[in-house]
Amino acid sequence: MKIIIIGSSTGGPFILESVFSDFPVINAVIIIVQHLPPTFTKAFYKHIFSLTKMPVSIVSEGEKIKEPHIYIAPAGKHLLIANNRTFSLSDKEKLHGVRPAVDLTMMSMLKRTEDSIMGIVLTGMGRDGADGINYLHNLGATTIAQEPATAPIKSMPQSAIETGLIDLILTPDKIRDAIISF
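Notes on the structure in this doc start here.

Rules used in this analysis
Residues numbered from 1 in each chain as written. Predicted model: local features only at pLDDT ≥ 70, side-chain atom pairs only at ≥ 80, totals over all residues. Heavy atoms only, no water. Pairing = 2+ DSSP bridges. Helix = DSSP H or I, 4+ residues; strand = E, 2+ residues; numbered from the N terminus. Axes fitted to C-alpha atoms, helices over the stretch in contact; angles between N-to-C directions. Buried < 20%, exposed > 50% of the residue type's maximum accessible area, 1.4 Å probe, protein only. Right-handed = clockwise from strand over helix to strand, strands pointing away. Arc of directions from axis to C-beta. Contact = heavy atoms within 4.5 Å. Salt bridge = Lys/Arg side-chain N within 4 Å of Asp/Glu carboxyl O.

1. A short note on the sheet that holds strand β7 (residues 116-121)
Across the sheet, which stays open at both edges, the seven strands sit in the order β3-β4-β2-β1-β7-β8-β9 with parallel pairing between neighbours. The sheet is open, and its two edges are formed by β3 (56-58) and β9 (168-170), each paired on a single side. The sheet shows a mean angle of 20 degrees between the axes of neighbouring strands, direction not considered. Bridge count between strand β1 (residues 2-8) and strand β2 (residues 29-34): six bridges; the pairing is parallel.

Have a look at this one:
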């Protein structure tokens, strides 16, 4: 299974719109962990749903992962992935001041020979995603950070880049191309 985990915060919905606008169906699972207040989860879901032909849903506790699909982490819950196949939601305390934290999603992945993993860190404040990128890189995943010059808020992609473990630093349109060709 191809599993792509995308983390974003401030400015993320705008960047994700450019990545997923008229997005084709690809044989992959895309998991979006966007820092959002709970009142915006449904509107964010509807917006992503309107951009792509892929199935899109907000993750439910215990939901089995299937491809092709775009999953959105619900606001106010950490999103964990058991055995790379089943979602679980957690009320654990905030990490980096946020819940969901993409670090926890990325660090819940396992190395499985039948899986290909990609981790992407987009715009946002803080350093959520840097530890997750480190972890995924050590699993053999492809790691991508948004080119900071194209990010409304540079600190999340910059923190990921500073790990030294980013394979590609790309603009949003090149991130789109990388996801499609993955």
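2. Things to note about the pairing of β1
Counted residue by residue, β1 has six buried out of seven residues, so it is predominantly covered. After leaving β1, the chain enters helix α1 (residues 12-20) and then returns to the sheet as β2, a path that is right-handed.

3. Describing helix α2 (residues 41-51)
When we look at burial in α2, the residues that qualify are Thr41, Phe44, Ile48 and Leu51. Down the axis of α2, the smallest arc covering the buried residues is 90 degrees, so these residues share one side. For α2, exposure combined with an orientation more than 90 degrees from the buried face picks out Lys42, Lys46 and Ser50. Buried residues along α2 sit in contact with α1, β2, β3 and β4 (69-72).

4. Digging into the pattern of salt bridges
Under the counting rule described, the total for this entry stands at seven salt bridges. Of the charged contacts in the structure, one is a salt bridge between aspartate 22 and lysine 53, with a shortest N-O distance of 3.5 Å. You can see aspartate 22 sitting in the loop between α1 and β2 and its partner lysine 53 sitting in the loop between α2 and β3, a full 31 residues away along the chain. No difference in accessibility class separates aspartate 22 from lysine 53, as the two residues are exposed. The shortest N-O distance in the salt bridge between aspartate 91 and lysine 77 comes to 2.8 Å. Within this pair, whereas aspartate 91 is found in the loop between β6 (86-90) and α3 (102-106), its partner lysine 77 is found in the loop between β4 and β5 (78-82), the two being separated by 14 residues in sequence. Aspartate 91 sits in the exposed class, given a relative accessible area of 53%.

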